[in-house]
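Per-entry structural report
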Amino acid sequence: LDRNNMPYPIGRKVSVTCGQYIVHTDDDYSFVSNMAAGYAGMVSTLPLDQSSTCQVINIPTPMYELTNYQLGLLTQSGFVTVKKSYSKGWVITDGITMAPVDSAYRRLSTAKVINVVDRELRRVIEPFIGLQDNLATLNSLNTAITSVLNKLKENLISYYDFKIVTDQASARLGIIKIQYVIIPTNEIKEVRNTVSVQES
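Take the packing of aromatic side chains next. Each aromatic ring pair is summarised here by two numbers: the centre-to-centre distance and the angle between the ring planes. As enumerated under the stated definition, the model contains 2 aromatic pairs in all. Measuring from ring centre to ring centre gives 6.0 Å for Phe162 and Tyr180, while their planes differ by 35°; the resulting arrangement is tilted. In this pair, Phe162 sits in strand β7 (residues 157–165) while Tyr180 sits in strand β8 (residues 177–184), placing the two residues 18 residues apart along the sequence. Given a relative accessible area of 14%, Phe162 falls into the buried group.

Below, the structure is given as structure tokens:
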């Protein structure tokens, strides 16, 4: 629950995998993996601007292969699955999270981008904590935030807007509120081809 005692959607930070395979260790021990560790390792090595959708996952052959219909149902329910690619081997079907279906955080790429934005904003804002709440400080803070968001706009976000909100009650407590609107760059989820044949 959040501070207002309302349900907090933790699903944007959660990926649930559906798949299993046998892992053999160097000391002749074998166990069945549910793919969670393999997927976590794969996601941690991806570039920040890349989703896991249709990316190769280095796993042993799964114990079962799902049909397209089954993959579709599981994906709609928020599960991360694997499928056999024509040219790459085993790939992730769709890079999703367990966020609500209507949430932008349903996409793993969005969650990754917002995590980067949050980290970078904290990095540039931290030096201002402890300074005087005056016009010069607020102007410098505005410049620092604009600078970091402009850098991120080059490849991770397509649009941003923010405003620094100050009021007397917050100022007495030493609080500055900043409201952001961030639109991440969309990932390519599918390429649709239209091929027509003509008589020569």
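Following the structure, the description resumes.
Right, let's talk about the pattern of salt bridges for a bit. Evaluation of the coordinates by the stated rule reveals 3 salt bridges. Notably, a salt bridge pairs Arg107 with Asp94, separated by 2.6 Å at the nearest N-O pair. One end of the pair, Arg107, is in the loop between β6 (90–92) and α3 (108–125); the other, Asp94, is in the loop between β6 and α3, with 13 residues separating them in the sequence. When its relative accessible area of 15% is taken as the criterion, Arg107 is described as buried. Given the relative accessible area of 12%, Asp94 is considered buried.

On to the layout of surface pockets, then. Its volume calculated, the largest pocket comes out at about 680 Å³. If you go around the largest pocket, you meet 27 residues; those closest to its centre are Thr53, Glu187, Ile188, Lys189 and Glu190. At the level of secondary structure, the elements contributing two or more residues to the lining of the largest pocket comprise α2 (68–76) and α3. Sort the elements by how many residues they give to the lining of the largest pocket and α2 lands first, with 5 residues. Approximately 260 Å³ is the volume attributed to the second largest pocket. What lines the second largest pocket is a set of 14 residues, among which Phe128, Ile129, Gly174, Ile175 and Ile176 lie closest to the centre. Class assignment for the residues of the lining of the second largest pocket results in 9 nonpolar, 4 polar and 1 charged.

Conventions used here
- Residues numbered from 1 in each chain as written.
- Predicted model: local features only at pLDDT ≥ 70, side-chain atom pairs only at ≥ 80, totals over all residues.
- Heavy atoms only, no water.
- Phe/Tyr/Trp six-rings, centres within 6.5 Å; stacked < 30°, edge-to-face > 60°.
- Helix = DSSP H or I, 4+ residues; strand = E, 2+ residues; numbered from the N terminus.
- Buried < 20%, exposed > 50% of the residue type's maximum accessible area, 1.4 Å probe, protein only.
- Salt bridge = Lys/Arg side-chain N within 4 Å of Asp/Glu carboxyl O.
- 1 Å grid on protein atoms, 1.4 Å probe; cavity = no way out; pocket = protein on both sides within 12 Å on 5 of 7 lines; lining within 4 Å.
- Points joined across faces, edges and corners; volume = space filled by probe spheres on them.
- Nonpolar A, V, L, I, M, F, W, Y, C, P; charged D, E, K, R; others polar.

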